[in-house]
Amino acid sequence: SRFAERLAQLEEAEGAFDYFTLSYRSFGIQRRSDNGLVLREWAPGAEAVFLTGDFNSWEKQSHPFTQKEYGKWELYLSPKVDKSPAIKKSGLISGPFLSVSLTFLLSRPQFQHPRPPRPSSLRIYEAHVGISSPEEKIASYRNFTRDVLPRIKDLGYNCVQLMAIMEHAYYASFGYQVTNFFAASSRFGTPDDLKHLVDTAHSMGITVLLDMVHSHASSNTEDGLNYFDGTDSCFFHGGSRGNHSLWGSRLFNYSSWEVVRFLLSNLRWWMEEYHFDGFRFDAVTSMLYHHHGTSFSGNYSEYFGIHVDEDALVYLMLANHILHKLYPQCITVAEDVSGMPGLCRSIEEGGLGFDYRLTMAVPDKWIQVLKEVRDEDWDLKNIVQTLTNRRRGEASITYAESHDQALVGDKSLAFWLMDKEMYTNMSALTAMTPVIDRGIQLHKLIRLLTHSLGGEGYLNFMGNEFGHPEWLDFPRKGNNESYHYARRQFNLVDIEHLRYRQLYAFDRDMNLTEDKYGWLAAGQAAVTTLNQADKVIVFERSNLLFIFNFHPCNSYIDYRVAVEHAGKYKIKLNSDELQYGGHGRLVQDTEFFTEPMPFNGRAQSFLVSFISITTFHRDVSNTE
C-alpha cells in the first residue's frame, strides 16, 4: 500500500512516471537547438548559486542562478556570437557553502545493434574494465571491447556485468564510492567508447548489466553530492543517520521526492543513453534495514518490523516497477545477504520486483570448506544444503566466487587449492604434482556443482574461470601505488603448455553444455544420491544426470545410482578428460544403459563406472 500510494502521488503531481523519470533531460546542463545552455539544479539549502569557469575568466559572481520554487535554481547562457555553446568543457557551480566542479562532454548515442533477447539461462561474466589487461596500467573501454568481449563470447557467457562504470574519484574503491551518478568513468575513455563497448556486446548477443550503486554515495564534497547545497541533508539523511559508519559514505534519504527523482532518473539515463540491459543493485541489504546488515538466522521477525527502512523498500519497488514497465526485457539483480522474503516476487504479489538475487552464502561455504576442512571430512550434506537452500519461486544467481574473493586479504578458489605452486608447477610439459592435480580437479568440480545445483543463473568474476594466479589489489600507498596486481593475466590462457588453458577449456564447455540443455532455466534439481562415506553426489535436472565423486582417493566400478527414466545415456561433459587437465579414464559420448531394478523407491537404477564427475544426457528416443 505504501508503494501504491507513492506511485499515485508521483503520477498525480508529475503527470506520469515516464515524464518524472526523464528528469535528467531538464536538470543539469541542457543544450537547446540554438546552442543556448539551460542549467537547472536542486539545492534547497543554498542562499545563492553562481557559475564560474573559463568562459567568464572565473569571475565568481558574474553569472548568478535564479531561485525557483521547491529549492530549484536555473541559469540560461546564450550562445556565443559564432552560435557555439557558451561553455565547451568545464566550469564550477559555486555559492555560499556551495562549490561543485563540473565537466561535461556533449555526446550522442551511435548504436547500430538492438538489445539481444533476454536470456532464459543467465550466465554472467562479472568484469572490471580497468583491470582487464595483462599490462600494469588502467585498461580502456576500447581495450575491453577488442580483447575481452571475444573471450566472454568464446567462454559461453551470455551476459557481462560491468563494475565501476559510474564515476568515482578513488580507483581502489572498486567503483563503490560514486562521486558522479550521471557520468561514465572517464579514466577508461570517453562516453562514446563505452557506448561502442555496449553496442559491440549486443552485436555478439551478449546482454550488458551495470553495477548500480544507489545504496550510498561518496562523502567527497569537491566532486561529489555531499554538502551539495551547503547542508548535510540535501540528498542524504541529516546527522548520524546519513552516514554509514563502516563505509565512511553518505546514505540517501529515500523519503525525499527530489532524491527519488534523482535516482529513478539515473536508472533511465543509463538505460536510454548507454543502452544497458539492466542492473545489479549493490548493497541492497544496507538499504533494506536501518541497521544496514547484521547476522540473519532466517526468522521472519528479522524481515518485518521497525528495523526495516520502508522508504528504501518502496524506492526499490518503484525502481523495479518503472524499469519493467518501460523495458519489459530489463533484468534486475539484488545483492542481498539477508534473504528478504518476496525480494524476487512480482510487485503485484507484494514482492519487491527483482528478477534475481545473489546466493551470497555459497562462496562463503566453499571458502570455509577449503580453509578449514580436510578433503576426507567434507560434509556433502551441508554443502548440498547450502547450494539448494534458496526461496522457491525466487530466482537466484549462484557463484563459487566473485570479485570479493579475488581481493587482497582473501583468496580465490584456485589460490586456496594450489597456492604458491601456481607459479611453478602449472606447465603441462611436466607431470602434475599432487597439489596441482588436486587443485585442478576440485576447481572444476566445485564450479560445475555450483553451476548446476545452486541457482537459476550463474556468475563468474573475470579471470577466475582459468584460475587466475594472483589476487586483486588496486594502487594505493600500502603497495607503492603499484598496478602489478590490478590486472588480469589473460595471456596465460594463450600459452598452450600452461594448465590455465585446461581450466579455461572446461569452463567454456561447461557453459556451452548448459547453453545446449538449459539446466539453469529448469526447475530445482532432484538429488537422488548423497553418500557421505563414498563422497558421491548424484542429481537430475533438465533431462540430465549429474554424477560427482568428491572422494580424495576412491574410484568406483559398477556404482549403482537412481534414475527416473530407463533408456540410453551418453556422457556429455567429463571433467576427467585430458583436455581439461584430467586423466582420461572415461571417453566422451560413451553410452550406458539402465537396468530395471528397484532402488530406494525410485523407478529405475543406473549402473555406471565413473572416476570424477560426469554429466549424462538421456536419449529420449530410446527410453524403452
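- As annotated in an unreviewed UniProt entry, the protein chain is 1,4-alpha-glucan branching enzyme from Cyprinus carpio.
- If you open the UniProt record of the protein chain and go to Pathway (unreviewed entry), you find "Glycan biosynthesis."
- According to its UniProt record, the protein chain has this under Catalytic activity (unreviewed entry): "Transfers a segment of a (1->4)-alpha-D-glucan chain to a primary hydroxy group in a similar glucan chain."

## Topic: the UniProt feature "active site" (unreviewed entry) in the protein chain
Consideration 1: UniProt tags D282 and E335 as "active site" (unreviewed entry). Spanning 54 residues, the annotated positions come together in the fold, the maximum distance between their C-alpha atoms being 5.5 Å.
Consideration 2: Its location among the elements puts D282 in the loop between β15 (278-281) and α6 (284-288).
Consideration 3: The class of D282 is buried, set by a relative accessible area of 7%.

## A look at the packing of helix α9 (residues 380-388) against helix α12 (residues 434-453)
Consideration 1: Interhelical geometry of α9 versus α12 gives an angle of 45° and a closest axis separation of 9 Å. Considering the angle they form, α9 stands oblique to α12. The handedness of the crossing between α9 and α12 comes out as right-handed. Residue-level contacts link I383, V384, L387 and T388 of α9 to L449, T450 and L453 of α12.
Consideration 2: Of the residues that constitute the contact of α9 with α12, the class distribution is 5 nonpolar, 2 polar and no charged.

## Some words on the packing of aromatic side chains
Consideration 1: With the rule as written, the count across this model stands at 41 aromatic pairs.
Consideration 2: Considering the side-chain rings of W42 and F235, the 5.3 Å spacing of their centres and the 85° angle between planes classify their relative orientation as edge-to-face. Taken together, the residues W42 in strand β2 (residues 37-42) and F235 in the loop between β12 (207-212) and β13 (243-244) connect sequence positions 193 residues apart.
Consideration 3: Look at W42 and you get buried, because its relative accessible area is 11%.
Consideration 4: Under the relative-accessibility criterion, F235 is labelled buried at 5%.
Consideration 5: Judged by centre distance (5.4 Å) and plane angle (70°), the ring pair of W269 and Y274 falls under edge-to-face. The exposure classification of W269 matches that of Y274, with both residues buried.

Definitions and limits used
Residues numbered from 1 in each chain as written. Predicted model: local features only at pLDDT ≥ 70, side-chain atom pairs only at ≥ 80, totals over all residues. Heavy atoms only, no water. UniProt positions renumbered as here; feature names shortened; annotations may be inferred. Helix = DSSP H or I, 4+ residues; strand = E, 2+ residues; numbered from the N terminus. Buried < 20%, exposed > 50% of the residue type's maximum accessible area, 1.4 Å probe, protein only. Axes fitted to C-alpha atoms, helices over the stretch in contact; angles between N-to-C directions. Parallel < 35°, antiparallel > 145°, perpendicular 65-115°, else oblique. Left-handed = near helix turned anticlockwise from the far one by under 90°. Contact = heavy atoms within 4.5 Å. Nonpolar A, V, L, I, M, F, W, Y, C, P; charged D, E, K, R; others polar. Phe/Tyr/Trp six-rings, centres within 6.5 Å; stacked < 30°, edge-to-face > 60°.

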